4 protein chains.
Amino acid sequence: MKDEILERAADEEMQVHTDLALEARESCKEEGIPGVKIEESVHGASQVKVTWVEVLDEQGEAAIGKPCGSYITLEAEQMAVHDEGCHREISEALAEYLRKLLGGFGSPRSVLVVGLGNQEVTSDSLGPQVLNNLRITRHLEKEAENVRCVSGIVPGVMAQTGMETAEIIRGIAAETRPEALLVVDALAARSVSRLGTTIQLSNTGISPGSGVGNHRHSLTRESLGIPVIAIGVPTVVAAAAIVYDTVDALAELLEAAGSGNAAEAVDGMSLPERYQMVRELIEPRFGPMYVTPGNIDERVKLLSYIISEGINQVLA
Amino acid sequence: MKDEILERAADEEMQVHTDLALEARESCKEEGIPGVKIEESVHGASQVKVTWVEVLDEQGEAAIGKPCGSYITLEAEQMAVHDEGCHREISEALAEYLRKLLGGFGSPRSVLVVGLGNQEVTSDSLGPQVLNNLRITRHLEKEAENVRCVSGIVPGVMAQTGMETAEIIRGIAAETRPEALLVVDALAARSVSRLGTTIQLSNTGISPGSGVGNHRHSLTRESLGIPVIAIGVPTVVAAAAIVYDTVDALAELLEAAGSGNAAEAVDGMSLPERYQMVRELIEPRFGPMYVTPGNIDERVKLLSYIISEGINQVLA
Amino acid sequence: MKDEILERAADEEMQVHTDLALEARESCKEEGIPGVKIEESVHGASQVKVTWVEVLDEQGEAAIGKPCGSYITLEAEQMAVHDEGCHREISEALAEYLRKLLGGFGSPRSVLVVGLGNQEVTSDSLGPQVLNNLRITRHLEKEAENVRCVSGIVPGVMAQTGMETAEIIRGIAAETRPEALLVVDALAARSVSRLGTTIQLSNTGISPGSGVGNHRHSLTRESLGIPVIAIGVPTVVAAAAIVYDTVDALAELLEAAGSGNAAEAVDGMSLPERYQMVRELIEPRFGPMYVTPGNIDERVKLLSYIISEGINQVLA
Amino acid sequence: MKDEILERAADEEMQVHTDLALEARESCKEEGIPGVKIEESVHGASQVKVTWVEVLDEQGEAAIGKPCGSYITLEAEQMAVHDEGCHREISEALAEYLRKLLGGFGSPRSVLVVGLGNQEVTSDSLGPQVLNNLRITRHLEKEAENVRCVSGIVPGVMAQTGMETAEIIRGIAAETRPEALLVVDALAARSVSRLGTTIQLSNTGISPGSGVGNHRHSLTRESLGIPVIAIGVPTVVAAAAIVYDTVDALAELLEAAGSGNAAEAVDGMSLPERYQMVRELIEPRFGPMYVTPGNIDERVKLLSYIISEGINQVLA
């Protein structure tokens, strides 16, 4: 029955949204999802927990709600605290997996790095901040043939530009002809515990509705003609998701306390139905609301250093 | 019984926090709170709704959870949209009431304006942004005797300075001897509908735990020796408050649906008990979480212009 | 002989650079330059001094060192001081002339506004700051047919992007198809007295070597296929220019003091030779140096408001 | 005769201003200045050139134009280029000498770090940027007794606050009682070649007229009652200084070319006379003008990392 609900949810685009394949996977609780291969490991001295989710076919796509491809998640509580040694190791882990994904596309020589998001909104400023610390090399004269050529752009969000991010990037890519795109973005997670402690790499590009901000329309190999690798960090949770979790926990509590009827009433709803109910309750007129920790500025700053350092190791 | 609960809540500091006296008043649903005088009016062409809450005595303090003094709230949906004409009228309304509050202190000639909050966090950057557009005059040579003398400071938050904001302001005030303090700050509201559409003026200073950020310790006449007027705008709602509201609405829904037991179970809890339960459910390890609208950058920018313009009209 | 020198200078691109047609004109001291039409007027209550320089043909291009087209300069000392009433009038003057230039291109309905320059360098941040206050409308649903559709972009500078600004803009324009481009940029002037007190409008686009930053390659009707209007404000003077002026003044002083030989020695050099000598003296290893006033942040902020307000009046 | 001129210059405060003791020393060309001890060395692998100028007595003060105390200058071209390994070594050199100066004051346990300057003006934003990356610890609970306690403040400049920086710092220091002050500031150099490639440490505090911005009034042990260590980096050269140098070089050129009279005329002026003449020529109405390199944003960013890292090594 769970499967049915999930399939329906995927069809109806009504499921609880998460940008993390890891979390999408978790919502399918049983072991062994058909069409999805999962490998977990621990990386080096930094004890970064690595989960490699490979969506293999349409069945996997339906189960996870993400297109076919690789999704690598690095998790470490230490991303959120000042610890330079540890950050260096996380950067190295990131560099290693970024190199693998680029290798899968023939190690493209020229890469356009895109810092998605709104630099005026702290929780959405990860992309622009990473670009700030990137070594840009495309404009420098290069003799050596095997050196990579890195360009970068912070396109802004639609309220600032009046244009879809995808329009801007398509235009720039058509004109400057990079061999690959590397997109850095702030994501929305389902769980508060992932905020600022998780990095996701993927090789499937960015699709409608992803990210915190308003950068609809795809940035994918199909739409651009070049491979698109995405690096994302969850910095917000949709308010609806938090409420939903709490209601869920509340239902369990009530059940434990013997108030069976209500728990059943809530339990009887499908996952999408519940989420929709919660959204209708809290977002009547104000559009989407986001939940973010109080020290989001420090977390985004730390993570932008870790990520730009990782990218610099691979590309510069 | 409601009164009992509210009194207990006030004692136990466990009530649902709001920085707005208006909302504190609303939670006492019955008409006529002893020790509190309330006047509502509509201001001029801009149709700003003005609510003047006067907390008169200890009984009023207990009911509202705010110290004795004046709390003036200006409400207008148009604060959140681009409409220059309308913004000018709101600035004028603000100027009018600010002038009244200053008048109550003998229209002090020299004023130190403090922009509280963290300029690195969009929702907490209202104070610093207002200071950015203020006309500072203290350092200019003045012949005319009746001109006001305005100084300003953005003290930062404790994570940036290691010092309590109150320590910094006390030190600067002792050295530069302004006759009054005007504090601008981002506030936490209870209701999402107030975010970016409400301005509160008060003449009671700022007390522990107020505001979004971490500026504990009082900025009051008692602690500083000079009157303190505060201008605040709600820019966040505590995540717990949103969940709480939803749970409340959910309980009503369940009740309507006949799932009596659960509704009763929730209903049987006191307000503070419910809020505490919700907090424990969503803030296990991560400290306070805040809910903020997606376009918070535009709202804070618009409001900072409205407020700095209002202050400039009175002080410059 | 002066003419000879100037023609040679134009050929050799060695003349003292200025982005202002007004100043280029001034360096031709005699009245009546063939191929150039000049009209001076004073605009409205604000007493803005307006100089309309029309470069008519190749002879004019050679004399002024600027391509054929219109160059309108608005000058007012009050741009540099806080005076809101006055700024509104300057915005209106700007709007009036911007409307004229757009009218010359058939009043295009959709305009892409480009904020050139580096927002990290105060004196080069005029373009990005203007974009910050612009009303962007392209993404809003519009029923009315006669409403303009405004998009905007801050492309960054080559050190940040690795790409020529012209590449970025060409790509975006090809993809989003605006009917005209409006480019806002900080300029280099010859004279310190013009810093922050002059606005130049032109309808000839932007050509190599213009501006403070590094945005080479043309943004012109030829290169983009759509008309390009530029709004610029001088915010720096090349250090070499200031030295050059001083050396010039020094030579005059020496001459007056009877130290004939040296004065003659300097006098014997052509203008370009002198400038080149000065550049070689002060820029041996460090690349171009710029001179900027201490309060450049306030001047750029005031001017960005004036300009965005003027553009909003015309386009929004 | 040179000595006479220099003494007069010191008396008349008309000499060519530099914030670097190193440069003040250089203008006394002969070896062995009475009252001044100078030691030069090279630091470790990074090949940082270290010059320790010790002003011993009043005679030294008169010769150098700086109060008695230690002035340590670190010079390295690599400060201005991306080279992380090298930057780490410079941070270590800085940490070593900072530790020595603090040791001279008994290694104070609690330090207030002040980021002087205007964060809105790139060349003046070094102090605020260093504070951005500092580890602030005063507000954290500390069990260990031997841990330092670091607080920090960015006071802003007088145009923003209406207050003297010294007033603000005096007030905060009186209230929070640090045992020492560490002041970070952007400086004005005499020579373009020092911009962004030199760090000066001193233990004499900051005196009137120093720095780029407008932070007059002393921050010294006399005025505050606690020792004051200053870290400064030259980011601008006064425009007058550049012109002056060029005129000087020009005079030499003319002399070489045999135009004796003019050279003599210029040569006959004293240093202060020449500088004054140049200032009068270029700063008639516009106040001080500053010269800064085009890539000042990158240089200030790199240096702020190097310095905050050095301070963190010592204090955190």
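Whatever comes next refers back to the structure up there.
Below is a summary of the structure that appears in this document. Here the structure is a predicted model, which means the values were calculated and not measured. (Residues numbered from 1 in each chain as written. Chains lettered and ligands numbered in written order. Predicted model: local features only at pLDDT ≥ 70, side-chain atom pairs only at ≥ 80, totals over all residues. Heavy atoms only, no water.)

1. Some details on the overall build of chain A
Here's step 1: When its secondary structure is counted, chain A shows 12 helices and 9 strands.
Here's step 2: Here chain A holds 316 residues, and 58% of them are scored as buried.
Here's step 3: Restricting the contact set of chain A to residue pairs at least 6 apart, pairs at least 24 apart contribute 75%.
Here's step 4: When the accessible area of chain A is evaluated, it comes to approximately 12500 Å², of which 46% is carbon and sulfur surface. (Helix = DSSP H or I, 4+ residues; strand = E, 2+ residues; numbered from the N terminus. Buried < 20%, exposed > 50% of the residue type's maximum accessible area, 1.4 Å probe, protein only. Contact = heavy atoms within 4.5 Å. Areas by Shrake-Rupley, 256 points an atom, 1.4 Å probe, with all protein chains shown as cover.)

2. Focus on the packing of helix α4 (residues 84-103) of chain D against helix α12 (residues 296-315) of chain D
Residues and elements named next belong to chain D.
Here's step 1: One way to put it is that α4 packs onto α12 with a least axis distance of 8 Å and a crossing angle of 50 degrees. Of the possible angle classes, the one that applies to α4 and α12 is oblique. With respect to the hand of their crossing, α4 and α12 are arranged in right-handed fashion. On α12, the residues touching H87, I90, S91, E92, L94, A95, L98, R99 and L102 of α4 are L302, I306, I307, E309, G310, I311, Q313, V314 and L315.
Here's step 2: Residue composition of the contact of α4 with α12, by class: 11 nonpolar, 4 polar and 3 charged. (Axes fitted to C-alpha atoms, helices over the stretch in contact; angles between N-to-C directions. Parallel < 35°, antiparallel > 145°, perpendicular 65-115°, else oblique. Left-handed = near helix turned anticlockwise from the far one by under 90°. Nonpolar A, V, L, I, M, F, W, Y, C, P; charged D, E, K, R; others polar.)

3. Some thoughts on the pattern of salt bridges
Here's step 1: Summed over the entire model, instances satisfying the criterion amount to 24 salt bridges over all chains.
Here's step 2: Across the salt bridge formed by R194 of chain D and E75 of chain D, the nearest N and O atoms sit 3.2 Å from each other. With R194 of chain D in the loop between β6 (180-189) and β7 (198-202) and E75 of chain D in strand β3 (residues 69-75), this pair connects stretches of sequence that are 119 residues apart. In this structure, R194 of chain D and E75 of chain D share a single accessibility class: buried.
Here's step 3: Overlapping salt bridges, with partners in common, bring together E23, K49, E75 and R194 of chain A in one network. (Salt bridge = Lys/Arg side-chain N within 4 Å of Asp/Glu carboxyl O.)

4. Quick notes on helix α7 (residues 165-176) of chain D
Here's step 1: Compared with the 16 Å implied by 1.5 Å per residue over 12 residues, the 16 Å span of α7 of chain D between its first and last C-alpha is a close match.
Here's step 2: Summarising burial for α7 of chain D: 9 of the 12 residues are buried, a large majority.
Here's step 3: All buried positions along α7 of chain D are accounted for by T165, A166, E167, I168, I169, G171, I172, A173 and T176 of chain D.
Here's step 4: Of the surrounding elements, those touching the buried residues of α7 of chain D are β5 (149-153) and α7 (165-176) of chain B together with β4 (110-115), β5 (149-153), α6 (158-161) and β6 of chain D.
Here's step 5: Just beyond α7 of chain D, the residue with positive phi is R177 of chain D, at close to 50 degrees. (Expected span 1.5 Å × (residues − 1).)

5. Some remarks on the pairing of strand β4 (residues 110-115) of chain A
All names here are of chain A.
Here's step 1: Of all 6 residues making up β4, 6 are buried, and the element is well covered by its neighbours.
Here's step 2: Of the two faces of β4, the one carrying S110, L112 and V114 and the one carrying V111, V113 and G115 are both buried.
Here's step 3: Sheet topology places β4 next to strand β5 (residues 149-153); 5 bridges connect them, and they run parallel. Paired with V111 across the strands is V150, a residue of β5.
Here's step 4: As judged from the 5 bridges shared by β4 and strand β6 (residues 180-189), these two strands associate in the parallel manner. Bridge pairing links G115 to V184 in β6. (Pairing = 2+ DSSP bridges.)

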